[in-house]
Amino acid sequence: MRFSLVLFKRFQTIFHTRLASSYVVQELQADQYGVPSEVLKLNETTSIDASQLKPNDVLIKLLASPINPADINMIEGKYALLPSSLPATFGNEGVFQVVDHRASDEQVRPGDWVLPKILDWGKWRSYGIVSINDLIKIPSDIGVESAATLSVNPCTAYRLLKDFVTLEKGDTIIQNGGNSGVGQAVIQLGKLWNINVVSIIRNREQGMNELVDYLKSLGAEHVYVEEDLRKETLRKTLWSTIPRPKLGLNCVGGRATSDLLRVLDKSATLVTYGGMSKQPVTVPTAEFIFNDLNCRGFWMSRWKAENYKGSQFAQMLYELIDSIRRNELKAPQCEKFLLSDYKAAVEQAQKPLNTTKVLLTVE
Ligand SMILES: NC(=O)c1ccc[n+]([C@@H]2O[C@H](COP(=O)([O-])OP(=O)(O)OC[C@H]3O[C@@H](n4cnc5c(N)ncnc54)[C@H](OP(=O)(O)O)[C@@H]3O)[C@@H](O)[C@H]2O)c1
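Residues numbered from 1 in each chain as written. Predicted model: local features only at pLDDT ≥ 70, side-chain atom pairs only at ≥ 80, totals over all residues. Heavy atoms only, no water.

By the naming in an unreviewed UniProt entry, the protein chain is Enoyl-[acyl-carrier-protein] reductase, mitochondrial, taken from Rotaria socialis. UniProt lists a comment for the protein chain under the heading Sequence similarities (unreviewed entry), and it reads "Belongs to the zinc-containing alcohol dehydrogenase family. Quinone oxidoreductase subfamily." For the protein chain, the Subcellular location (unreviewed entry) comment in UniProt is given as "Mitochondrion". (UniProt positions renumbered as here; feature names shortened; annotations may be inferred.)

In structure tokens form, the structure reads like this:
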């Protein structure tokens, strides 16, 4: 009797350990390009057995992953970087937590927060196995929203402000899409670095005052709607108090960009990093010639690919993390959806005039 009880307990222990080391993987995948809410499917066919991890393997669990415009463009098949084959798991950035690993304890421990840095490894999955060499460990005291949205938009804002013109204290930059994730980071970094940031947003019938108040709470001092750029009053009210912009940041295209180009300073640079209106960038001929404007493009993925091996990416992340810890860089307002609620999530992420970022989570 006693012998069988011991055997039973042993079996129970083994069985439980086995159960605890097996993880069902949910992945948001598409096997063809198209409308995200139609082509995305939640796949639950694989599971991970933690006892099978190989040396340097790290088993990670999703904490949160945003739905950015680039994710939507990728699922539509309209992006410069597409999965090597379909079906593929989508999601370009996200923060994960270490569950188990076969790396040294100095490198990583269960509970640590990590950012996978492999570009073509879809982040919209509940669990995954990644080599320790493809993970960046980050502190777990910066909030899930900040961590999940750290590696694309704030990094883009940082590079846009650092890499194109030398900005001195008191210089001015102007951006459209001022309420976008990138725009919010530009506002906050600009304030931190003593640069005047003029933010242009789209006019809206509802929620305008709340949006302007929100941007001001982030440190925005100059917020205008697109139509203001065409008004003579701006010359008297704004350009008589701060210098004309040396740098313009464009994520919209079409008329919003032509209008922005017209207010730049002589020899200024316009950097296009997004095309939310899906309209081309048209440079007004007179300003191009007489103001000697420079037009450039920026793509964070290219920058990361070129700087993958160096320490510059990690250095930038830690500088941004320090700003988050000092409350100088806040995450955008976020709305969380379970991976299983993906249809509602992608629809919400594509709604116009909506300043919240959609995050996918597993619990
Ligand atoms: N090149 C890069 O490396 C890089 C990196 C990050 C982001 N991006 C690009 O930057 C842009 C912003 O990204 P995000 O994550 O910051 O975006 P987000 O937080 O989703 O915000 C989207 C922004 O686009 C505006 N918008 C949407 N539809 C528009 C339209 N038809 N005309 C004018 N404005 C429109 C929105 O304004 P409303 O509130 O008025 O709708 C909002 O300001 C995207 O194009 C994205 O692909 C590029």
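### Structural notes on the sheet that holds strand E2 (residues 40-49)
In space, the three strands of this open sheet follow the order E2-E1-E4, with antiparallel pairing throughout. Strands at the two margins of the open sheet, each flanked by one partner only, are E2 and strand E4 (88-89). Here strand E1 (residues 22-30) runs beside E4; their pairing, made up of two bridges, is antiparallel. Across the sheet, the residue bridging to Gln29 is Thr89, located in E4. (Pairing = 2+ DSSP bridges. Helix = DSSP H or I, 4+ residues; strand = E, 2+ residues; numbered from the N terminus.)

### Quick word on the side chain of Ser37
Checked against the element boundaries, Ser37 lands in helix H2 (residues 36-39). Sequence-distant contacts of Ser37, defined by excluding residues within four places in its chain, comprise Lys343, Val346 and Glu347. (Contact = heavy atoms within 4.5 Å.)

### Looking at the sheet that holds strand E11 (residues 222-225)
Reading across the sheet, the six strands line up as E11-E10-E9-E12-E13-E14 and stay open at both edges, with parallel pairing between neighbours. Both outer strands of the open sheet, E11 and strand E14 (294-297), are each paired with one neighbouring strand and no more. On average, each strand axis in the sheet is inclined to that of its neighbour by 20°, with strand direction left out of account. Across the face of the sheet, helix H5 (residues 153-163) comes into contact with strand E9 (172-175), strand E12 (247-250) and strand E13 (269-272) while running at roughly 150° to E12. This element, helix H7 (residues 208-217), spans strand E10 (196-201) and E11 of the sheet and lies at about 155° to E10. (Axes fitted to C-alpha atoms, helices over the stretch in contact; angles between N-to-C directions.)

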